[in-house]
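Descriptive analysis of the structure
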There are 2 protein chains.
Amino acid sequence: MPKIYLDYAAATPIDPKVLKTMMPYLKKEFGNASSIHAFGQRALSAIEDARNIVANFLRCQPEEVYFTGSATEADNLAIQGIVKAAKSRIAKPHIITSAIEHHAVLEPCQYLKKQGCEVTVLPVSKDGLVSLADLKKAVQENTVLVSVIYANNEIGAIQPLAEIGKFLKQSKTKIYFHTDAVQAVNYLDCNVDSLGVDLLTISAHKIYGPKGVGALYVRKGTAIEPMVYGGGHERGLRPGTENVAGIVGLGAAIKEVASPKNKIHNIRIRQLRDKLIKKIPKIISDIAINGSLEKRLPNNINFTFPGAEGEALLVALDQKGFAVSTGSACSSHSLEASHVLTALGLPEETAHSSLRITLGKYTNEKEIDIFVLALAKVVERLREISGYKTKTNGK
Amino acid sequence: MPKIYLDYAAATPIDPKVLKTMMPYLKKEFGNASSIHAFGQRALSAIEDARNIVANFLRCQPEEVYFTGSATEADNLAIQGIVKAAKSRIAKPHIITSAIEHHAVLEPCQYLKKQGCEVTVLPVSKDGLVSLADLKKAVQENTVLVSVIYANNEIGAIQPLAEIGKFLKQSKTKIYFHTDAVQAVNYLDCNVDSLGVDLLTISAHKIYGPKGVGALYVRKGTAIEPMVYGGGHERGLRPGTENVAGIVGLGAAIKEVASPKNKIHNIRIRQLRDKLIKKIPKIISDIAINGSLEKRLPNNINFTFPGAEGEALLVALDQKGFAVSTGSACSSHSLEASHVLTALGLPEETAHSSLRITLGKYTNEKEIDIFVLALAKVVERLREISGYKTKTNGK
């Protein structure tokens, strides 16, 4: 049985180079980075090296980078932290976000709404794109934060961050701009000034680094408060003994992302993904692609196969050795239809018949060829079971 | 130059056995534990195995164990989470804690005080022990939480948790009992029922596991709310993609702690520590030991060397290849005297002349012998520089 992994948006394997960079910090270099002695100082120095790499990648200052335990934590810190700080000057802060955010953004917004904040959730086009016009209309006097995902995790749709950033910069009152860039980091430019963002979330395990580490970029001068209190680590914004090996891993992963080799990987990934886009409709009838094809991450494709239930597809493919997903891994155990797909206007049933396929740098052409054939068989079988009649003549 | 590490309370090296258990999850087993496919299911299964090990150690149910990104996060989750839930029924919740808590407990309490909670900080005896009588007097109608450290990180003082737990159980209104057991786990019984605690914090990197992972025990039925919102991981109490390798490492570390071999290590550690207690006063005059000698972790000793400033001691020893500490690593960059030592009644200057020495399972007798001689020389030189006159005739 093949073991073909096509769920890189859920998790990536650690790049062996990254793991090699981490290993000393899992072995001899075990010092606590807050300790004054040499063991501690070497750990601290490794963390600061990683911070420099991340800062260089984001084109920001190292002291604007804060390491966290996950991207979910970074998203929450951005959103809850900005609102906490805003509450001293605004009684009822207003947040604008989009309908296709990750749960790590939507859920803290919903929590804050219950706490008395105002929240506007922007709709998206049928291609999955937020419109600047909608955003402009949503801005209020009490708006303190806009949080829009850079590239969506389910459909790969790339949002017009630079446009939004440019508009928000002209605002009379300060409106902070946060983006969850977790899925974008490996593929898109993350220059925080070009994007015009004040806060940006990254994650290591989506870019061939370890799980359990993320980072939040916070532009200097941003009014933000911590969620966690303690020993003052990360300049007081995220206390807790630093995960040295994890942070070193995040730094090493970013270094690989920024390397010329990664550009070559990404071109190849796009070609393989485009092969899927070309081949699948040829051998499977009645399919739809969800999300914009132009403004889309090169490693993502999301199909709807009417008559074939997504979870059943996933399980059948898994039994044949293929790892794909119906949507975000973080909500894979939910029975609800994907909030992203329903935001595109898909009926619930259609949303339930969808599959996310995400490629990565270890994906090869042979895997794609084998996968397409297996997928076609599985869809056909499931459609037989469900009694689905293809609308076209099919293959 | 020797490299002698005597700062095990700040961080421990990862046990090679633990690292070996973690390695597959840093290599081939890279699945996201929320993914439904086999990659994800194997990751999930590894997490649940670790949860079972921790639960078995704490004598609780697996579903009462929640993994976090650090012990600081677990402490904050316990304290902030209990207060958040309490606020729906009590306008001004009251927390009782002690003067010798870790910053990860004291700081969230101070934050909540600013937010309108009442906080009582219990004093300690000159031996560093909280008294049940003081606690009894402190309880109010609106008391919702007591948080007392199991064994202090600077002086190793073991607090009377079982007594406190027993008393709190008799309370008319529910008062939750939390303990930061980070330093205790390797040495003391952590049966949550014997201790009578409702919440208990552990950390991996203090018990020969990796940094970046902790856990919070939460007794079933406890009214607690999350700090972070997102994809519903850890039954909604701590969302964020699970740090699979880290969690596996925490499980493996607990397995070693619970092994019969660890008891033998701990006996040897106590003997070596007792050698320090016996030898140091013989060759260095005018010293004092901080904290109870009876109710003390077997790996901890904390001396005051009047006339020798702690930071200078630490740096001089570091230059000779010895890693020790003046107090908590988490506040090592602070210029303030240790809040733990001043809580014992030590004047600031005396507190500043103190040194924490913490041993571990890789400490050997030769290291102790070399260290004692080096320490004596360094203290002597610093006392010469400061013009300190010994009160006794010295050696």
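This structure is a prediction, so every number in the text was calculated from the model and none was measured. (Residues numbered from 1 in each chain as written. Chains lettered and ligands numbered in written order. Predicted model: local features only at pLDDT ≥ 70, side-chain atom pairs only at ≥ 80, totals over all residues. Heavy atoms only, no water.)

**Description of the nonpolar core**
- In this structure, A:F305, A:I357, A:L375, B:F305, B:I357 and B:L375 are the most contacted members of the largest nonpolar core, which totals 204 residues.
- Not counting residues up to four positions away in its chain, the partners in contact with A:F305 are A:I280, A:I284, A:I287, A:L313, A:S353, A:L355, A:L375, A:V379 and A:R383. (Core = buried A, V, L, I, M, F, W, Y, C linked by side-chain atoms within 4.5 Å. Buried < 20%, exposed > 50% of the residue type's maximum accessible area, 1.4 Å probe, protein only. Contact = heavy atoms within 4.5 Å.)

**A few points about the pattern of salt bridges**
- Using the criterion set out here, one finds 32 salt bridges over all chains in the structure.
- The salt bridge partner of B:E63 is B:K220, with a shortest N-O separation of 3.1 Å. Here B:K220 lies in the loop between strand 8 (214-218) and helix 8 (244-257) and B:E63 lies in the loop between helix 2 (38-58) and strand 2 (65-68), a separation of 157 residues in the sequence.
- B:K220 gets classed as exposed once you look at its relative accessible area, which sits at 55%.
- Where salt bridges share partners, they join A:K174, A:D193, A:D198 and A:R219 into one cluster. (Salt bridge = Lys/Arg side-chain N within 4 Å of Asp/Glu carboxyl O. Helix = DSSP H or I, 4+ residues; strand = E, 2+ residues; numbered from the N terminus.)

**Topic: the layout of surface pockets**
- The volume enclosed by the largest pocket comes to roughly 610 Å³.
- If you trace the largest pocket, you find 19 residues lining it, with A:K84, A:Y111, B:K84, B:Y111 and B:Q115 closest to the centre.
- Mapped by element, the contributors of at least two residues to the lining of the largest pocket are helix 3 (71-86) and helix 4 (103-114) of chain A together with helix 3 (71-86) and helix 4 (103-114) of chain B.
- For the lining of the largest pocket, the class distribution of residues is 8 nonpolar, 5 polar and 6 charged. (1 Å grid on protein atoms, 1.4 Å probe; cavity = no way out; pocket = protein on both sides within 12 Å on 5 of 7 lines; lining within 4 Å. Points joined across faces, edges and corners; volume = space filled by probe spheres on them. Nonpolar A, V, L, I, M, F, W, Y, C, P; charged D, E, K, R; others polar.)

**Considerations on the relation of the copies chain B and chain A**
- The two copies are related by a screw operation: chain B maps onto chain A through 180° of rotation and 0.0 Å of translation along the axis, at an RMSD of 0.0 Å. Such a combination of rotation and displacement between the chain copies is what one expects of a two-fold axis. Using C-alpha coordinates, one finds that chain B approaches the rotation axis most closely at B:G69, a distance of 2.6 Å.
- Take the interface residues of chain B: 98% of them recur as interface residues in chain A, which is what a same-surface contact looks like. (Least-squares fit on C-alpha atoms with pLDDT ≥ 70 in both.)

**Quick word on the interface of chain B and chain A**
- At the interface, 63 residues of chain B touch 62 residues of chain A.
- Regarding the contact of chain B and chain A, the summed buried area is about 5,100 Å², with carbon and sulfur atoms giving 64% of it.
- Put simply, chain B and chain A have 0 salt bridges between them.
- For the pair chain B and chain A, the number of links is 16 residue pairs in polar contact (both at pLDDT 80 or more).
- Its residues assigned to classes, the side of chain B that touches chain A shows 27 nonpolar, 23 polar and 13 charged. (Buried area = accessible area lost by both parts, 1.4 Å probe. Polar contact = N/O pair within 3.5 Å; in protein donor to acceptor, adjacent residues only side chain to side chain.)

**Topic: the pairing of strand 3 (residues 94-98) of chain A**
All names here are of chain A.
- The element strand 3 is largely enclosed, with a buried count of 5 among its 5 residues.
- Where burial is concerned, the two faces of strand 3 agree: the one with H94, I96 and S98 and the one with I95 and T97 are both buried.
- In this sheet, strand 4 (residues 118-122) lies alongside strand 3 in parallel orientation, the contact comprising 5 bridges. Among the inter-strand pairings, S98 is bridged to a residue of strand 4, identified as L122.
- Between strand 3 and its parallel partner strand 4, the chain crosses via helix 4, and the hand of that crossover is right-handed.
- Note: strand 3 against strand 5 (residues 143-147), 4 bridges, orientation parallel. Each bridged residue has a counterpart across the sheet, and for H94 the counterpart in strand 5 is T143. (Pairing = 2+ DSSP bridges. Right-handed = clockwise from strand over helix to strand, strands pointing away.)

**Some words on the sheet that holds strand 9 (residues 288-289) of chain A**
Residues and elements named next belong to chain A.
- Read across the open sheet, the 3 strands follow the order 9-10-12; overall the sheet is antiparallel. In the strand order of this sheet, the two ends are held by strand 9 and strand 12 (354-358), each with one partner.
- Here strand 10 (residues 300-304) runs beside strand 12; their pairing, made up of 5 bridges, is antiparallel. Counterpart to T304 in the pairing with strand 12 is S354.
- Sitting on the sheet, helix 9 (residues 260-283) touches strand 9, strand 10 and strand 12, and the angle it makes with strand 10 is about 20°. (Axes fitted to C-alpha atoms, helices over the stretch in contact; angles between N-to-C directions.)

**Some points on the domain arrangement of chain A**
All names here are of chain A.
- Each domain of chain A was delimited in the assignment, giving domain 1 (4-12 + 260-385) and domain 2 (16-257).
- Taken over C-alpha atoms, the centre of domain 1 sits 27 Å from the centre of domain 2.
- Counting from both sides, the interface comprises 33 residues of domain 1 and, opposite them, 34 residues of domain 2.
- Three residues, T12, L297 and H339, lead the burial of domain 1 against domain 2; their summed loss comes to 22% of the area buried on that side.
- On the surface where domain 1 and domain 2 come into contact, there are 0 salt bridges.
- Taken together, the links from domain 1 to domain 2 amount to 19 residue pairs in polar contact (both at pLDDT 80 or more). (Domains from an automatic or database assignment.)

**Examining the packing of aromatic side chains**
Residues and elements named next belong to chain A.
- Applying the stated criterion across every chain yields a total of 18 aromatic pairs over all chains.
- Between Y5 and Y8 the ring centres are 5.3 Å apart and the planes differ by 75°, which places this aromatic pair in the edge-to-face class.
- On the basis of relative accessibility, which here comes to 5%, the residue Y5 falls in the buried class.
- Positioned over the ring face of F39 is R42, at 5.3 Å from the centre of the ring. (Phe/Tyr/Trp six-rings, centres within 6.5 Å; stacked < 30°, edge-to-face > 60°. Lys NZ or Arg CZ within 6 Å of the ring centre and 35° of its normal.)

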